[in-house]
Amino acid sequence: DQQVKQNSPSLSVQEGRISILNCDYTNSMFDYFLWYKKYPAEGPTFLISISSIKDKNEDGRFTVFLNKSAKHLSLHIVPSQPGDSAVYFCAASVQGGAQKLVFGQGTRLTINP
Amino acid sequence: ETGVTQSPTHLIKTRGQQVTLRCSSQSGHNTVSWYQQALGQGPQFIFQYYREEENGRGNFPPRFSGLQFPNYSSELNVNALELDDSALYLCASSLGLEETQYFGPGTRLLVL
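This section reports on the structure supplied with the text. Just so we're clear, the structure is a prediction, and the values are computed from it rather than from any experiment.

**Observations concerning the environment of I12 of chain B**
Residues and elements named next belong to chain B.
(1) Moving on: Mapped onto the elements of the fold, I12 is located in strand β2 (residues 10–13).
(2) Moving on: On the accessibility criterion, I12 (58% relative accessible area) is exposed.
(3) Moving on: Through-space distance from the C-alpha of I12 to that of L109 is 5.9 Å; in sequence the pair is 97 residues apart.
(4) Moving on: Aside from chain neighbours lying at most four places away, what touches I12 is L110 and L112.

Set out below in structure tokens:
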């Protein structure tokens, strides 16, 4: 039972353009959502998070949008840079904390020059 | 400041053996969680330790066990290894139960 789903295994975007990564969830008890980025041979690195009481959170080039009615969140990266090429994981938790995370399968983002 | 470190980086075991993986938390972090990441999948929560006590467990059998030490470093033990235990094992530490987790690079375990 996959409670957090990232339906696109890969995404290719031109440098300077917007990258949009999508994530869907099924468990309505989730109330905190996070995005992590992972480079090969490294552990996941925290990028940005959002509480279920908000619908948008911005941090520099990264913006996360949450649509609770659709049980959908997305990560926007603008402008995309070559260093953004990595695997991106969406994660969710209950009880409002950044712990005991349920992860999606990941989306491999490739930024082309 | 040293980040989360894990040892060993790679390990090969045979079915039925036992394995111990180690994790050193980031300085000052009292909470450690372990995750299993199978190939092509996202990390899956195994369990969490807070101040040396287990504080939550995912859907993993009892042959997966852990310890957290007074210095907040941690071990993951897996008994009676199965082929499906082959995965990347990630350790994550945080300042507290609600705080952002910082992941180590992982230990890649191969069970033959």
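**A closer look at the interface of chain A and chain B**
(1) Moving on: Of the residues lining the interface, 18 residues belong to chain A; the matching set on chain B comes to 24 residues.
(2) Moving on: Of the roughly 1500 Å² buried between chain A and chain B, counting both surfaces, carbon and sulfur atoms make up 53%.
(3) Moving on: Where chain A packs against chain B, one counts 0 salt bridges.
(4) Moving on: On inspection of chain A and its partner chain B, the count reaches 7 residue pairs in polar contact (both at pLDDT 80 or more).

**Description of the sheet that holds strand β8 (residues 72–77) of chain A**
Pairing between the strands of a sheet is mediated by backbone hydrogen bonds and can be parallel or antiparallel.
(1) Moving on: The strand order across the open sheet formed by 5 strands is β1-β3-β8-β7-β6 (chain A), and the pairing between neighbours is antiparallel. This sheet does not close on itself; its edge strands, each paired only once, are β1 (4–5) and β6 (56–59) of chain A.

**Topic: the environment of F89 of chain A**
(1) Moving on: Among the structural elements, F89 of chain A can be located in strand β9 (residues 86–93).
(2) Moving on: Sequence-wise, F89 of chain A and P44 of chain A are 45 residues apart; in three dimensions their C-alpha atoms are separated by 8.2 Å.

**Here's the deal with the pairing of strand β3 (residues 19–24) of chain B**
The side chains of a regular strand alternate between both faces of the sheet.
Residue and element names in this part refer to chain B.
(1) Moving on: Of the pairings in the sheet, the one linking strand β1 (residues 5–7) to β3 comprises 3 bridges and is antiparallel in character. The residue of β3 that forms the bridge with T5 is S24.
(2) Moving on: When β3 meets strand β8 (residues 74–78), the two strands line up antiparallel, connected through 5 bridges. Along β8, the bridge assignment pairs C23 with S74.

**Looking at the packing of aromatic side chains**
(1) Moving on: If you walk through the whole model with that rule in mind, you get 13 aromatic pairs over all chains.
(2) Moving on: Taking the centre distance of 5.5 Å and the plane angle of 85 degrees together, the rings of F47 of chain B and Y49 of chain B count as edge-to-face.
(3) Moving on: Residue classification places Y49 of chain B among the buried residues on the basis of a relative accessible area of 6%.
(4) Moving on: Taken together through their ring pairs, the aromatic side chains of Y36, F46, F89 and F103 of chain A together with Y35, F45 and F103 of chain B make up a single cluster.

What counts, and where the lines are drawn
- Residue positions are given per chain, counted from 1 along the sequence in the order it is written.
- Written order determines the labels here, with chains lettered from A and ligands numbered from 1.
- Local features in this predicted model are restricted to residues whose pLDDT is 70 or higher, and side-chain atom pairs enter the listing and the counts only when it is 80 or higher, whereas totals over whole chains, interfaces and linings include all residues.
- Working from all heavy atoms in the structure, the side-chain values ignore hydrogens and water.
- For the purposes of this entry, the term helix denotes a DSSP run of H or I that reaches at least four residues, the term strand denotes a run of E that reaches at least two, and both are numbered from the N terminus.
- The buried label goes to any residue with under 20% of its type's maximum accessible area, the exposed label to any with over 50%, and the partly exposed label to all in between, with areas taken from a 1.4 Å probe on protein chains only.
- Note on contacts: a residue pair qualifies if any of its non-hydrogen atoms lie within 4.5 Å across the two residues.
- Each of two parts loses accessible area, computed with a 1.4 Å probe, when they are put together; buried area is these two losses added.
- The term salt bridge refers to a side-chain nitrogen of Lys or Arg lying within 4 Å of a carboxyl oxygen of Asp or Glu.
- For the purposes of these results, a polar contact is taken to be a pair of N or O atoms within 3.5 Å, where, inside protein, one atom must be able to donate a hydrogen and its partner to accept one; residues adjacent in sequence count only when each atom of the pair is a side-chain atom.
- Here, a strand pair is defined by DSSP locating no fewer than two bridges between the strands.
- Ring pairs shown here join Phe, Tyr and Trp side chains whose ring centres sit within 6.5 Å, with only the six-membered ring taken for Trp; geometry is labelled stacked below 30 degrees between planes, edge-to-face above 60, and tilted in between.

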